[in-house]
Amino acid sequence: MSKPEAVLMIGGGALAVPMLAHIRTLGFQSIVTDGNPHAPALRQADAPYVLSTVDIDGHRQLMPDLLRQWTIRGVVCSGHDVAPTVAVCAQMAGVSGIPVEVAQRTYDKAEVRHTLTMAALDGYQPDYVTLYPEEWREMPDLRRFCAASGQWHAPYPLVIKPTQQRASRGLTIVHHQKDEASAVRKAFEYSAPILIEQGLTGTEHSVEAIFGEHHEMLWFNIVDRMFTYDHGLAIETGHVNPTALSHGQQGTIRTMLREAAEALDIHWGPFKIDAMWTADGPKILECTARLSGGWDSQGTSPLRGRHPLRTLLHVACGLPVEPILMQAQGYAACAAILPQVTGIVSAVPQWNTLTPMMKAMVSDIIWAIKPGDRIAPAEHNGARAGFVITYTQTYADAWQRALAAAEALAAAIEIE
């Protein structure tokens, strides 16, 4: 008797729910792992396993049992930054995937920086140095340390961040020497070494691609990311899809993505770059072997008639890839619902919180919180309370409507 066919998805948060629908459409069963037993996609899976997405050894131990029960056709994630876990499971299942060593390289920000430097791609990077705890103890003045290392004279602002965290956890933008020590201590709570980078000025963008079996680019998209930088924090307030960058600028970024992917040995699967367009052209802020976690591949791209999650699933399962048709006209936007108060959530606002005009403008509301959760003003992008998605015919309308609805919902969150 043949075993049922299934797809293993690492990460069961809200980002993964759209991928579940695609898995079911293909007629496969879904196996989902997540450390949160209340994760939405975990609770909807055919076979849920409560297991941390970054627990690689735990997944190694789980895989033989999974392979006895199912024929695993593919291993995927949906915006979760767990490329090493996905790569290990794909290798053990004998299905297409990114080599484990490549996935591990892209997971480490310092390794990414060093690899791009060795490939003579520093023109796409800010100036940077790595800092170990013992180096900081010997020379706590960061600008002197950068100059002594021969890298650059390090004018403010400096960006201080851990090497193995996402969603701006542990990141601080430092404008004064008096703030250096607390920023360094904060980053060291997450990793050692940490990165000290040149602060850049420009517009921020998320750039996504999916490469196929023959290294061809099957998906490419750029969105414009909106940020607030209050108190040295980089909080993403949302994005607009597609970008307002010119065709020439988009072509330059596409070339940068291809060159970075080649340097990092990314020839198959997803690849995402957080980029900034500066006076000197595009710069890579971060990059990793996955799709976006900001609801562009999961939310705003599908509104425009393009489905990167479906493309990725087909690639991962070795299935023919449907051509991505011309995108719909208009713009989709996603605005973050940012907590304004501190406390325990007693009630999450519903649709009736919005005015009739706002209801007509909003395509979807996605909550990342529930009653009983503790909230506070966001200190990193993992602490956003939810998201509002809109779709209109103009760039400004899409963003303004999403932002207005997100602000109304944030103000209506009830706490004990």
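The numbers attached to residues start from 1 for each chain and follow its sequence in the written order. Selection of residues for local features in this predicted model requires a pLDDT of at least 70, selection of side-chain atom pairs for listing and counting requires 80 or more, and totals for whole chains, interfaces and linings are taken over all residues. Only hydrogens and water are set aside when side-chain values are computed; all heavy atoms of the structure are taken into account.

1. Topic: the overall build of the chain
Helix and strand definitions follow DSSP, with helices as H or I runs of at least four residues and strands as E runs of at least two, each counted in order from the N terminus. Per the secondary structure count, the chain includes 14 helices and 19 strands. The globule rule used here is 2.2 Å times the number of residues to the 0.38 power, and the radius of gyration it is set against is calculated over C-alpha atoms. For 416 residues, the compact-globule estimate of 2.2 N^0.38 gives 22 Å, and the chain sits close to it at 21 Å. Its C-alpha atoms give the chain principal-axis dimensions of roughly 65 × 50 × 45 Å. Categorising residues by exposure relies on relative accessible area from a 1.4 Å probe, with only protein chains included: less than 20% of the type maximum marks a residue as buried, more than 50% marks it as exposed, and the intermediate range marks it as partly exposed. A burial count over the chain gives 55% of its 416 residues as buried.

2. Section: the pattern of salt bridges
Any carboxyl oxygen of Asp or Glu that lies within 4 Å of a side-chain nitrogen of Lys or Arg is treated as forming a salt bridge with it. Within this structure, the stated rule accounts for 17 salt bridges. Here Arg401 and Asp397 are joined by a salt bridge, their closest N and O atoms 3.6 Å apart. In this pair, Arg401 and Asp397 are both assigned in helix H14 (residues 395–411), four residues apart and thus about one turn of the helix distant. The exposure class assigned to Arg401 is partly exposed, which follows from its relative accessible area of 29%. Relative accessible area serves as the criterion here: at 29%, Asp397 is assigned to the partly exposed category.

3. As for the sheet that holds strand E19 (residues 414–415)
One open sheet accounts for three strands, arranged E17-E15-E19; its pairing is antiparallel. The open sheet has two free edges, formed respectively by strand E17 (374–375) and E19, since each of these has just one partner strand. At least two DSSP bridges between two strands are needed for those strands to be called paired. Pairing geometry for strand E15 (residues 343–347) and E19, over two bridges, is antiparallel. By the bridge assignment for E19, Val345 is matched with Ile415.

4. Brief notes about the state of the cysteines
The disulfide criterion is simple: two cysteine sulfur atoms within 2.5 Å. Taken as a whole and judged by the stated rule, the model has zero disulfides. Cys287 carries a free sulfur, and the closest cysteine sulfur to it, the one in Cys77, is 15 Å from it. Free cysteine: Cys334, not disulfide-bonded; nearest cysteine sulfur from Cys77 at 18 Å.

5. With respect to helix H3 (residues 56–69)
Expected span, for any helix, means 1.5 Å times one less than how many residues it has. In this model, H3 (14 residues) spans 20 Å end to end at C-alpha, consistent with the 20 Å of a helix rising 1.5 Å per residue. Remark: the principal bend of H3, roughly 35°, maps to Leu62, with a proline, Pro64, within the next four residues. For H3, the full list of buried residues reads Ile56, Gly58, His59, Leu62, Met63 and Leu66. Of the surrounding secondary structure, the elements contacted by the buried residues of H3 are strand E1 (5–10), strand E2 (29–34), strand E3 (47–50), strand E4 (71–76) and helix H4 (83–93). Between a side-chain oxygen at the N-terminus of H3 and the backbone nitrogen of Asp57 the separation is 3.5 Å; the capping residue is Asp55. Bend, in this description, refers to the angle at a residue between axes fitted to the seven residues ending there and the seven starting there. In this analysis, two residues are considered to be in contact whenever any of their non-hydrogen atoms come within 4.5 Å of each other. Polar contacts, as counted here, are pairs of nitrogen or oxygen atoms within 3.5 Å of one another; within protein the pair requires one atom able to donate a hydrogen and one able to accept it, and residues that are adjacent in sequence qualify only if both atoms are side-chain atoms.

6. Regarding the pairing of strand E9 (residues 203–211)
Of all nine residues that make up E9, eight are buried, and the element is covered over most of its length. Relative to strand E10 (residues 217–228), E9 is paired through eight bridges, and the arrangement is antiparallel. Looking at E10, one finds that Phe211 is bridged to Met217. Hairpin connection, E9 to E10: the antiparallel pair is bridged by five residues, and His215 has positive phi, about 70°.

7. As for the side chain of Asp141
Assignment of secondary structure puts Asp141 in the loop between helix H7 (133–138) and helix H8 (142–148). No salt bridge is formed by the buried Asp141. Its closest oppositely charged neighbour is Arg143, at 4.8 Å. In terms of polar contacts, Asp141 uses its side chain to reach the backbone amide nitrogen of Arg144, at 3.1 Å. Among the polar contacts made by the side chain of Asp141, one reaches the side chain of Gln177 at a distance of 3.0 Å. What Asp141 contacts, discounting residues up to four positions off in sequence, is Gln177 and Glu180. Charged residues are defined here as Lys and Arg on the positive side and Asp and Glu on the negative side; His and the ends of the chain fall outside this count.

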